[in-house]
Amino acid sequence: MQITKTVDETRAVVKEWKRQGLTVGLVPTMGFLHEGHASLIERCRQENDRVVVSVFVNPTQFGPNEDLEAYPRDFARDSALCQEKGADLIFHPEPEDMYDDPRAYVSIEGLSDNLCGKSRPIHFRGVCTVVSKLFHIVAPDRAYFGEKDAQQLAIIRKMVKDLNFDLKIVGCPIVREADGLAKSSRNTYLSPAEREAALCLSRSIRRGKEVIGMGMDSQTLLKEMRAVIEAEPLARIDYVSVVDALTMEDVSSINRDVLVAMAVYIGKTRLIDNFSYEI
């Protein structure tokens, strides 16, 4: 397994693979890898001749009061996991390797206005910019993203379509702990009491699936899900929403494919979770 730090050396490796006629898959990450990331790497390994994992804590997707400096990092552990799961290359740049007095950014309209975009207004501009840069640097045939970040996945798919990127976006299922908590690098922020409290998210998801299966309207669904979370004293809701699966706009009637998504603060830690419902 190779580790590259710069754009030029990464491009040189990939160009040689392409010259040999090999397919390339990309797993973009911010590091501190867990089983969810491992599942993306494994899927990428199955479907491509070569696997690139980017490990880069992207500063442009963090707001002024967010956790950029505190975001967990452990590159030695990340490297070991990538090696174990069959990655061929880790691209691990420094911020100055990716951004040199940047003036150009990639934004997306509409899809970023709701859900996480409402409380994190610059977040998806940063995501779209760094992902576009990675696509240009690595030139992958396929790129792999987790469905836990469902709004991000929808936005990247739309960006790829609108900007004619020549690759396939592959969404992979949420990976959960045995007790139901969705895997997240930010779970490491939680104290033991907060870790227990965080289970209200997965309990709310389970209740939501029960209610939506009964054919109830979105307001009843949201009321039932919020009640589960609000019963936990350490939880504070950012949002619980039912949105159109493609446009990310709120819906009042569940008469189309929808995403049921939430962001909840457990103490100071913001966690997200979701499920999809197809008509």
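Description of the structure in this document. (Residues numbered from 1 in each chain as written. Predicted model: local features only at pLDDT ≥ 70, side-chain atom pairs only at ≥ 80, totals over all residues. Heavy atoms only, no water.)

### Thoughts on the pairing of strand β7 (residues 235–244)
Every regular strand shows the same layout, with side chains that alternate between the two sheet faces. Burial analysis of β7 places eight of its 10 residues in the buried class, which makes it a mostly covered element. Where β7 lies against strand β8 (residues 258–266), nine bridges are found, and the strand directions are antiparallel. If you follow Val243 over to β8, its bridge partner there is Leu259. (Buried < 20%, exposed > 50% of the residue type's maximum accessible area, 1.4 Å probe, protein only. Helix = DSSP H or I, 4+ residues; strand = E, 2+ residues; numbered from the N terminus. Pairing = 2+ DSSP bridges.)

### Regarding helix α9 (residues 199–213)
Helix length check: α9, at 15 residues, gives a terminal C-alpha distance of 22 Å against a target of 21 Å (1.5 Å per residue), a fit within 8%. Where α9 is concerned, the buried positions are Leu199, Cys200, Leu201, Ser202, Ser204, Ile205, Gly208, Val211 and Ile212. Buried residues along α9 sit in contact with α8 (192–197), α10 (218–230), β7, β8 and β9 (269–277). Trailing α9 by a residue or two, Gly215 shows a phi angle of about 80°, which is positive. (Expected span 1.5 Å × (residues − 1). Contact = heavy atoms within 4.5 Å.)

### Description of the state of the cysteines
Under the counting rule described, the total for this entry stands at zero disulfides. In this structure Cys82 is not part of a disulfide, and its nearest cysteine sulfur, from Cys44, lies 11 Å away. Here Cys116 is not cross-linked by a disulfide; its sulfur's nearest cysteine counterpart is in Cys128, at 13 Å. On the basis of relative accessible area, Cys116 is assigned to the buried category, the value being 7%. (Disulfide = S-S within 2.5 Å.)

### Focus: the pattern of salt bridges
Counted by the stated rule, this structure contains 20 salt bridges. Linking Arg103 and Asp101 is a salt bridge whose minimum nitrogen-to-oxygen distance equals 3.3 Å. Look at Arg103 and you get exposed, because its relative accessible area is 70%. Among the residues examined, Asp101 registers a relative accessible area of 53% and is labelled exposed. Here Asp162 and Lys158 are joined by a salt bridge, their closest N and O atoms 3.2 Å apart. Here Asp162 and its partner Lys158 are both found in helix α7 (residues 150–162), four residues apart, which amounts to about one turn of the helix. (Salt bridge = Lys/Arg side-chain N within 4 Å of Asp/Glu carboxyl O.)

### A word on the nonpolar core
Formed by 45 residues in total, the largest nonpolar core has its most connected members in Trp17, Met98, Val131, Phe135, Phe145, Ile156 and Ile169. At the level of secondary structure, the elements contributing two or more residues to this core comprise α1 (7–19), β2 (24–29), β4 (89–91), α6 (123–138), β5 (142–146), α7, β7 and β8. If you tally residues by element for this core, the top one is α6, at nine residues. In this view, Phe135 contacts Leu26, Pro140, Ala143, Phe145, Ile156, Met159, Val160, Phe165, Leu167 and Ile169; residues no more than four positions away in its chain are not counted. In terms of nonpolar packing, the next biggest core, distinct from the first, is built from 27 residues, Leu181, Met225, Ile229 and Met262 among them. (Core = buried A, V, L, I, M, F, W, Y, C linked by side-chain atoms within 4.5 Å.)

### Notes on unusual backbone geometry
A positive phi angle, close to 50°, is found at Leu115, a residue other than glycine. Mapped onto the elements, Leu115 comes out in the loop between α4 (95–98) and α5 (116–119). Judged by relative accessible area, Leu115 falls into the buried class, the value being 3%. Even without being glycine, Ala139 reaches a positive phi, approximately 50°. The topology assignment puts Ala139 in the loop between α6 and β5. Take Ala139: its relative accessible area is 36%, and that puts it in the partly exposed class.

### Side note on the sheet that holds β8
Reading across from one edge, β7-β8-β9 is the order of the three strands in this open sheet, with antiparallel pairing throughout. Every other strand in the sheet has two partners, leaving β7 and β9 as the edge strands with one partner each. Between one strand and the next, the sheet's axes are offset by a mean angle of 15°, whatever the strand orientation. The strands that α9 touches are β7, β8 and β9; relative to β9, the one it contacts most, it runs at about 20°. Those strands touched by α10 are β7, β8 and β9, and its axis lies near 160° from that of β7. (Axes fitted to C-alpha atoms, helices over the stretch in contact; angles between N-to-C directions.)

Structural measurements only, silent on function.
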